[in-house]
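Examining the three-dimensional arrangement
In case you want the letters, here they are:
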There are 2 protein chains.
Amino acid sequence: MDAAEFRKRGKEMVDYVADYLEKIDKRQVFPDVEPGYLRPLIPDCAPQDPESFEDVFKDIEKIIMPGVTHWHSPYFFAYFPAASSFPALLADILCGGIGCVGFSWAASPACTELETVVLDWLGKMINLPEEFLAGKDGQGGGVIQGSASEATLVSLLAARTKTIRRVQSEKPEVTEAEIMGRLVAYASDQAHSSVERAALISGVKIKSVPSDERFTVCGSALKKVLEEDKAAGLIPFFFCATLGTTPCCSFDKLLELGPLCNRENIWMHIDAAYAGSAFICPEFRHLLNGVEFADSFNFNPHKWLLVNFDCSAMWVKKRSDLIGAFKLEPLYLQHHHQESGLVTDYRHWQIPLGRRFRSLKLWFVLRMYGVTGLQEHIRKHVRLSHQFERLVLQDERFEICAEVILGLVCFRLKGSNELNKALLKTINDAKKIHLVPCHLREKFVLRFAICSRTVECAHVQFAWQHISQLATELLETWEPNQQQQQEQEQC
Amino acid sequence: MDAAEFRKRGKEMVDYVADYLEKIDKRQVFPDVEPGYLRPLIPDCAPQDPESFEDVFKDIEKIIMPGVTHWHSPYFFAYFPAASSFPALLADILCGGIGCVGFSWAASPACTELETVVLDWLGKMINLPEEFLAGKDGQGGGVIQGSASEATLVSLLAARTKTIRRVQSEKPEVTEAEIMGRLVAYASDQAHSSVERAALISGVKIKSVPSDERFTVCGSALKKVLEEDKAAGLIPFFFCATLGTTPCCSFDKLLELGPLCNRENIWMHIDAAYAGSAFICPEFRHLLNGVEFADSFNFNPHKWLLVNFDCSAMWVKKRSDLIGAFKLEPLYLQHHHQESGLVTDYRHWQIPLGRRFRSLKLWFVLRMYGVTGLQEHIRKHVRLSHQFERLVLQDERFEICAEVILGLVCFRLKGSNELNKALLKTINDAKKIHLVPCHLREKFVLRFAICSRTVECAHVQFAWQHISQLATELLETWEPNQQQQQEQEQC
């Protein structure tokens, strides 16, 4: 394919994507396919000779679309939102075209420098303390990671290295292996599984800190486990606080946890993967109070700030801590600007070596929406979740299971977990909307997350009526069974 | 921006990218900017109100392009190639439009299933042993990682978990921390820095195995270090063989190393990040002989197989080994198809949780080029590197520093490292072409890598004439200085 054909086909693809997104509400949100559906539809081997674009293009509707879960459908209320916007799509076309691999400043200065500056923009939008910004000669700064999981891992690794060095400087006779065996990381029992995974990867212990009745970790809960562990000879070194937990969007108490971590020489990382975008609205910024005690902070513009995946924004107070955990410098990656204070080699800030020009899409989105446009997006989602909450509360058969703070509503039928599992199954089997569940303590709970950029009141209204009707049908057949069960239990 | 405006602007962006790539040879390959150039060119903060697309668009040429290193210029001979092709760009537009996050089968069945099948295609193209393919019920299979660094890390982690479990089952009294402290990974002294980094992240020791005069690790070299380390009570568990090292594209001797690793219960991972693409040509496939002894294998279609970054293809013989190192299963990520043998949840195969629909671009490229089209691309690059090699060999002032096997030529002026550093500096300061250096033992060497999809004989010819002329100018001023130095040294 030459440039001339690319011009033609590229425009057709742009139209295809525009059509897809304009009419996405007409598609069934969750696909009908069964596992293994795709393999019989395509050949066993790559073709020997080139196929035409037309042949490939027609397979999109024939082979791909029947198996797509439509994350941008206004009937998609599962997981958390995956961001999508036209400015981000435009920037990604440019990113692909430039196609640089920005692992060092010299590998593409614009790629590195735009990232640093635009992360300062974003940091200012959420009023991050000055120490986290790169500025012209700051010790901190921001970086775009691929995912919050990577941000957590990178901060845990930085904390691990820093702690090993500190302990070894205090007690030179202790080996690194001995220290590793005594290190403990902590996170809420509501924290994302990626925190446990980061500890697993890094070869250190991790412990859950019990959250309270609001699914929040407070200072005293952390203090208690720290004291027990220190008494047992362990070395607490890392705490991952969550702002906006995945199950129910609860918030750990930074203002209690932060000073405790600082006193105990524990690196505090804040994972605000979903909730972080809301902090651009002054009315939600208080949820971030206490960030001044943190060593690193992360949230995902690719979740809720209209920047297509992947764009996970991470800031550290001391970039030297990150670099210290990673820096290895072979000659083919050195360049003569390396010693300058202005130069950032982002490969020392992340797990992979290569990186795309991802700051372009953040830059496009921030400029083409403006702060006010993005605030409107967040506020609309929060308004819609409260609309859904009110609808649930008006129906006595249902209960709300956690405080609705941002765009997530956790709800369930009053009754058994089995009943709620059955409700979720009927909802997802009907495929008019799509939800996923969570556990809150012993309760099986349905999560209703406002996701799509284009979701409106009417979609939420529809979703509720649909859920409510399915619940009515379910309860009609369910209650006798349940009564039978209860009678059996009483016998 | 609504869909109607996206149609218009998307087409303008497609044209911009087509223009950029068509006329990239007119741009200076390496930028003129100094560190810190970008910050003064843009505002301190994100705009409060939306800006127009025109405003953003005109900043591409004004702010971004002056700081871009043009990786796709036919005058770019640095690092290794970063792949780029029009079919891949088209697929990435589609990938952005669909915008699913394919962490599990249910999160988008097409995203998962296409990846599995297309990696079988690619595996067959390089004649990987059947055990590495997923097929309908295989124990192995392929996955797209973001980078070779991640593939190495993931395989090292799988090996670590497997070894810890094995040792603990043999000696239940030994703690995990003790085992961790005794684990050792190995790689060539020519291996990529990401291998050392993977060990650092995983908290295990790593040792370099000395390569021979051809920069190759042979079986006896590994055997020697293994015996020393086992005698010292260490536990060798992982060897990363390199096919196509970064400094000089040398190849470790798989047929000697593989059986040794198998005998010693050592996980053998093969990193063929650059060279792997060449194995689609029958005349280069012999370089992969011995892969049958490996546990995991990786190469980067985003380097040399015309699939834009990021697309790093990795295969394992036993997918359960990867999953065993990672699997954590919170309820919100469970789905009712989970137990089926046909279902793959790729989040258990990788470091991040989220993932884009990257198999689309691999699928588009394989189909629109066909195997023959991709073979032509590889063969052209290898032909051009041999053309450059011949030009170097015809000039008695220069020497070739390592066997030219694929698309990389390592060369230098006969003389001191200082002389060659000066030559590289004059080349890169002139900015007509761009190269990076490496060290081969004590020698400072220039790397000439055939990179661009559009590079032709004429560009290589031009590059050589330019280098040769700069060498002539340098030697005219250099020789007296050098003689002086030598005289001083003799005094």
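Predicted model, so just to flag it, every value in this text is computed and none were measured.

**As for the overall build of chain A**
Tallying secondary structure elements over chain A gives 14 helices and 11 strands in all. For chain A, whose C-alpha radius of gyration is 25 Å, the value lies close to the compact-globule estimate of 23 Å for 491 residues. Principal-axis analysis of the C-alpha atoms gives chain A an extent of 70 × 70 × 50 Å. Within chain A, the proportion of its 491 residues that are buried is 68%. Per element, the accessible surface of chain A, about 17,000 Å² overall, is 51% carbon and sulfur. Across chain A, the centroid of the 54 positively charged side chains sits 3 Å from that of the 62 negatively charged ones.

**Considerations on the relation of the copies chain A and chain B**
The transform that puts chain A on chain B rotates by 180° and translates by 0.0 Å along the axis, for an RMSD of 0.0 Å. Both copies of the chain, as the preceding transformation shows, are related through a two-fold rotation axis. Most of the interface of chain A is mirrored in chain B, where 100% of its interface residues again form contacts.

**Focus: the pairing of strand E1 (residues 141-145) of chain B**
Counting buried positions over the 5 residues of E1 of chain B gives 5, a clear majority of the element. Burial along E1 of chain B is two-sided: Gly 141, Val 143 and Gln 145 of chain B facing one way and Gly 142 and Ile 144 of chain B facing the other are all buried.

**Some thoughts on the packing of helix H1 (residues 3-22) of chain A against helix H2 (residues 53-64) of chain A**
All names here are of chain A. Where H1 meets H2, the closest approach of the two axes is 12 Å, and the angle between their N-to-C directions is 10°. In this view, H1 runs roughly parallel relative to H2, as classed from their interaxial angle. Along the contact surface, H1 presents Glu 5, Arg 9, Glu 12, Met 13 and Tyr 16, while H2 presents Phe 53, Glu 54, Phe 57, Ile 60 and Glu 61. In terms of residue class, the contact of H1 with H2 is made up of 5 nonpolar, no polar and 5 charged.

**Some words on unusual backbone geometry**
Cis geometry marks the peptide bond from Phe 309 of chain A to Asp 310 of chain A, where omega comes out at 0°. With respect to the helices and strands, the residue Asp 310 of chain A is situated in the loop between helix H10 (301-304) and strand E7 (312-316). Of note in the backbone geometry, Tyr 79 of chain B takes a positive phi value of approximately 50° without being a glycine. Mapped onto the elements of the fold, Tyr 79 of chain B is located in the loop between helix H2 (53-64) and helix H3 (86-98).

**With respect to the interface of chain A and chain B**
Across the boundary between the two partners, chain A contributes 140 residues, which contact 140 residues of chain B. Summed over both sides, the interface of chain A with chain B buries roughly 12,500 Å², with 68% coming from carbon and sulfur. Between the two partners, chain A and chain B, sit 16 salt bridges. Here the residues of the side of chain A that touches chain B sort into 83 nonpolar, 30 polar and 27 charged.

**Focus: the confidence of the model for chain A**
The share of residues in chain A with pLDDT of 70 or more is 94%, and the mean pLDDT across the chain is 94. Across the assembled chains, the prediction reports ipTM 0.94 with pTM 0.95.

**What about the pattern of salt bridges?**
This structure, assessed with the given rule, holds 76 salt bridges over all chains. A salt bridge links Glu 5 of chain A to Arg 9 of chain A; the shortest N-O distance between them is 3.0 Å. Here the residue Glu 5 of chain A and the residue Arg 9 of chain A both occupy positions in helix H1, the gap between them amounting to 4 residues, near one helical turn. Note on Glu 5 of chain A: relative accessible area 26%, which makes it partly exposed. By relative accessible area, which is 7% here, Arg 9 of chain A ends up buried. Of the charged contacts in the structure, one is a salt bridge between Asp 55 of chain A and Lys 58 of chain A, with a shortest N-O distance of 3.1 Å. One end of the pair, Asp 55 of chain A, and the other, Lys 58 of chain A, are both in helix H2, 3 residues apart, so they sit about a helical turn from each other. For Asp 55 of chain A, a relative accessible area of 29% translates into the label partly exposed. A single network of salt bridges, built from pairs that share partners, joins Asp 310, Arg 356 and Arg 358 of chain A together with Asp 310, Arg 356 and Arg 358 of chain B.

**Let's talk about the packing of helix H8 (residues 219-231) of chain A against helix H9 (residues 254-263) of chain A**
Residue and element names in this part refer to chain A. As a packed pair, H8 and H9 sit with axes 8 Å apart at the nearest point and diverge in direction by 30°. Classified by the interaxial angle, the pair formed by H8 and H9 is roughly parallel. Only Glu 256, Leu 257, Leu 260 and Cys 261 of H9 make contact with H8, whose side of the interface consists of Gly 219, Ser 220, Leu 222, Lys 223 and Leu 226. The class makeup of the residues in the contact of H8 with H9 is 5 nonpolar, 2 polar and 2 charged.

**Remarks on the UniProt feature "modified residue: N6-(pyridoxal phosphate)lysine" (unreviewed entry) in chain A**
Within this structure's numbering, the places UniProt gives as "modified residue: N6-(pyridoxal phosphate)lysine" (unreviewed entry) are Lys 303 of chain A. When near neighbours in sequence (up to four residues on either side) are disregarded, Lys 303 of chain A contacts Phe 80, Pro 81, Ala 82, Ala 83, Ala 273 and Tyr 274 of chain A.

**Some words on the sheet that holds strand E4 (residues 235-242) of chain A**
Sheets are built from strands that pair by backbone hydrogen bonding, the pairs being arranged parallel or antiparallel. Residues and elements named next belong to chain A. The strand order across the open sheet built from 7 strands is E1-E7-E6-E5-E4-E2-E3, with neighbouring strands paired in mixed fashion. One side of each edge strand has no neighbouring strand; the edge strands of this open sheet are strand E1 (141-145) and strand E3 (205-209). The sheet shows a mean angle of 20° between the axes of neighbouring strands, taken without regard to direction. Contacts from helix H5 (residues 148-170) reach E1, strand E2 (183-188), E4, strand E5 (267-271), strand E6 (296-299) and E7 within the one sheet, and its direction differs from that of E4 by about 155°.

**Brief notes about the sheet that holds strand E11 (residues 443-449) of chain B**
Residue and element names in this part refer to chain B. Spatially, 4 strands are ordered E8-E9-E11-E10 in an open sheet, and the strand pairing comes out antiparallel. With one partner strand each, in any of the chains shown, strand E8 (398-400) and strand E10 (436-440) form the two edges of the open sheet. On average, each strand axis in the sheet is tilted by 40° relative to the strand beside it, whichever way the strands run. The pairing of strand E9 (residues 408-413) with E11 spans 4 bridges and is antiparallel. The residue of E11 that forms the bridge with Cys 410 is Arg 447. Here helix H14 (residues 417-430) sits on the sheet and contacts E8, E9, E10 and E11; the angle it forms with E11, its principal contact strand, is near 30°.

**As for the state of the cysteines**
In this structure the tally under the stated criterion is 0 disulfides over all chains. The closest cysteine sulfur to the non-disulfide-bonded Cys 438 of chain A is located on Cys 410 of chain A, 4.4 Å from its own sulfur. Residue Cys 438 of chain A is classed as buried on the basis of its relative accessible area, which comes to 0%. Free of any disulfide, Cys 45 of chain B has its nearest cysteine sulfur in Cys 281 of chain A, 17 Å distant.

Definitions and cut-offs
- Residues numbered from 1 in each chain as written.
- Chains lettered and ligands numbered in written order.
- Predicted model: local features only at pLDDT ≥ 70, side-chain atom pairs only at ≥ 80, totals over all residues.
- Heavy atoms only, no water.
- Helix = DSSP H or I, 4+ residues; strand = E, 2+ residues; numbered from the N terminus.
- Rg over C-alpha atoms; globule rule 2.2 N^0.38 Å.
- Buried < 20%, exposed > 50% of the residue type's maximum accessible area, 1.4 Å probe, protein only.
- Areas by Shrake-Rupley, 256 points an atom, 1.4 Å probe, with all protein chains shown as cover.
- Lys, Arg positive; Asp, Glu negative; His and termini not counted.
- Charge placed at Lys NZ, Arg CZ, Asp CG, Glu CD.
- Least-squares fit on C-alpha atoms with pLDDT ≥ 70 in both.
- Contact = heavy atoms within 4.5 Å.
- Axes fitted to C-alpha atoms, helices over the stretch in contact; angles between N-to-C directions.
- Parallel < 35°, antiparallel > 145°, perpendicular 65-115°, else oblique.
- Nonpolar A, V, L, I, M, F, W, Y, C, P; charged D, E, K, R; others polar.
- Buried area = accessible area lost by both parts, 1.4 Å probe.
- Salt bridge = Lys/Arg side-chain N within 4 Å of Asp/Glu carboxyl O.
- pLDDT = per-residue confidence, 0-100.
- UniProt positions renumbered as here; feature names shortened; annotations may be inferred.
- Pairing = 2+ DSSP bridges.
- Disulfide = S-S within 2.5 Å.

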